[in-house]
Amino acid sequence: RIGGRRGIAARAFAGPLLPTPQEQAEKMRKLLGTNDVILLALLNVREEVKFRTGTFKSQNVAILNTWALRPAQLTSEKSREQYARRILKESMNSIGALLGLEPCPNPTCAMWEWRTEEEFDAKGCNYCPPCEIRVRKALSDLGLFLPEK
């Protein structure tokens, strides 16, 4: 949890999927605890699900399909590390989007919009300084505590 007693919840979800990501987000919204401000739901659903991520601001939910982020081969330590970094990058991007951040032109920023897998793997995991300022302000506006650097 980020933010002390109130914060951002991340939960893995197991269960039958609903027909659309919007319906899934509405169901996920019910998983928010009383102290949760937003929810990052991690799903691991094979190819039949047609989305990689979905951000549903009205529900305060972001859904991340980790299966869609898998490298072609998950056989080496390097590919498992690449997979973990991809999940982190998309998680940071989804949280930023829920907090109101727009895409960033900085290719080292987690909010940068990538177009190819090579760009995705090269982009950063963290927010650039201007985006980090926006995240800190958004969290502060929500009454969340975020330790200073």
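Please refer to the structure placed before this passage.
Conventions adopted
Residues numbered from 1 in each chain as written. Predicted model: local features only at pLDDT ≥ 70, side-chain atom pairs only at ≥ 80, totals over all residues. Heavy atoms only, no water. Helix = DSSP H or I, 4+ residues; strand = E, 2+ residues; numbered from the N terminus. Contact = heavy atoms within 4.5 Å. Areas by Shrake-Rupley, 256 points an atom, 1.4 Å probe, with all protein chains shown as cover. Buried < 20%, exposed > 50% of the residue type's maximum accessible area, 1.4 Å probe, protein only. Pairing = 2+ DSSP bridges. Salt bridge = Lys/Arg side-chain N within 4 Å of Asp/Glu carboxyl O. Disulfide = S-S within 2.5 Å. Core = buried A, V, L, I, M, F, W, Y, C linked by side-chain atoms within 4.5 Å. Phe/Tyr/Trp six-rings, centres within 6.5 Å; stacked < 30°, edge-to-face > 60°. Lys NZ or Arg CZ within 6 Å of the ring centre and 35° of its normal. Lys, Arg positive; Asp, Glu negative; His and termini not counted. Polar contact = N/O pair within 3.5 Å; in protein donor to acceptor, adjacent residues only side chain to side chain.

Q: Give a detailed account of the overall build of the protein chain, specifying residues and quantitative values.
A: Each helix and strand in the protein chain was counted, giving four helices and four strands. When the elements of the protein chain are put in sequence order from the N terminus, they spell out β-α-β-β-β-α-α-α. Taking as baseline every contact in the protein chain between residues at least 6 positions apart, the subset at least 24 positions apart corresponds to 48%. With the model as given, the accessible surface of the protein chain reaches about 8,800 Å², and the carbon-plus-sulfur share is 53%.

Q: Explain the pairing of strand β4 (residues 61-65) to me, using residue names and the numbers behind them.
A: Of all five residues that make up β4, five are buried, and the element is covered over most of its length. What you see with β4 is no split at all: V61, I63 and N65 on one side and A62 and L64 on the other are buried throughout. Pairing geometry for strand β3 (residues 53-56) and β4, over four bridges, is antiparallel. Looking across to β4, one finds that G54 is bridged to I63.

Q: Which residues make up the pattern of salt bridges, and what values do they have?
A: Summed over all chains, the structure comprises five salt bridges. The residue R86 makes a salt bridge to E117 at a minimum N-O spacing of 3.4 Å. With R86 in helix α2 (residues 77-98) and E117 in helix α3 (residues 117-122), the pair connects residues that are 31 residues apart, well separated along the chain. Relative accessible area serves as the criterion here: at 49%, E117 is assigned to the partly exposed category.

Q: Give a detailed account of the state of the cysteines, specifying residues and quantitative values.
A: Should the sulfur atoms of two cysteines be covalently bonded, the bond is a disulfide. Scanning the entire structure with this criterion turns up zero disulfides. This cysteine, C104, is not joined by any disulfide, and C128 carries the nearest cysteine sulfur, 3.7 Å off. Free cysteine: C131, not disulfide-bonded; nearest cysteine sulfur from C128 at 3.7 Å. We classify C131 as buried; its relative accessible area is 2%.

Q: Any chance you could break down the nonpolar core for me, citing the residues and the numbers?
A: If you look at the biggest cluster of nonpolar residues, it comprises 24 residues, and the most contacted ones within it are L99, L101, M111, Y127 and C131. Of all the secondary-structure elements, those providing two or more residues to this core are β2 (36-43), β4, α2 and α4 (129-141). With five residues, the single largest contributor to this core is α2. Not counting residues within four places of it along the chain, the set of residues in contact with C131 comprises L101, C104, C109 and M111. Residues A25, A41, L43 and I63 belong to the second largest nonpolar core, which totals eight residues.

Q: Describe the packing of aromatic side chains, naming the residues involved and giving the relevant values.
A: Two descriptors summarise a pair of aromatic rings, namely the distance from one centre to the other and the angle between the planes of the rings. Tallying each qualifying case throughout the model produces one aromatic pair. Here the aromatic rings of W114 and F120 are separated by 4.3 Å at their centres, their planes lie at 15°, and the arrangement is stacked. In this structure F120 comes out as buried when scored by relative accessible area, which is 2%. The aromatic ring of Y83 is capped on one face by R70, whose charged end is 5.7 Å from the ring centroid. Its guanidinium or amino end placed over the ring of F120, K89 lies 5.8 Å from that ring's centre, counting from NZ or CZ.

Q: Help me get a handle on the side chain of K123, residues and values and all.
A: The residue K123 is located in the loop between α3 and α4 in this model. Salt bridges are absent for the buried K123, whose nearest opposite-charge side chain, E90, sits at 4.6 Å. One polar contact links the side chain of K123 to the main-chain carbonyl oxygen of A110, over a distance of 2.7 Å. Not counting residues up to four positions away in its chain, the partners in contact with K123 are K89, N93, P107, C109, A110, M111, W112 and W114.

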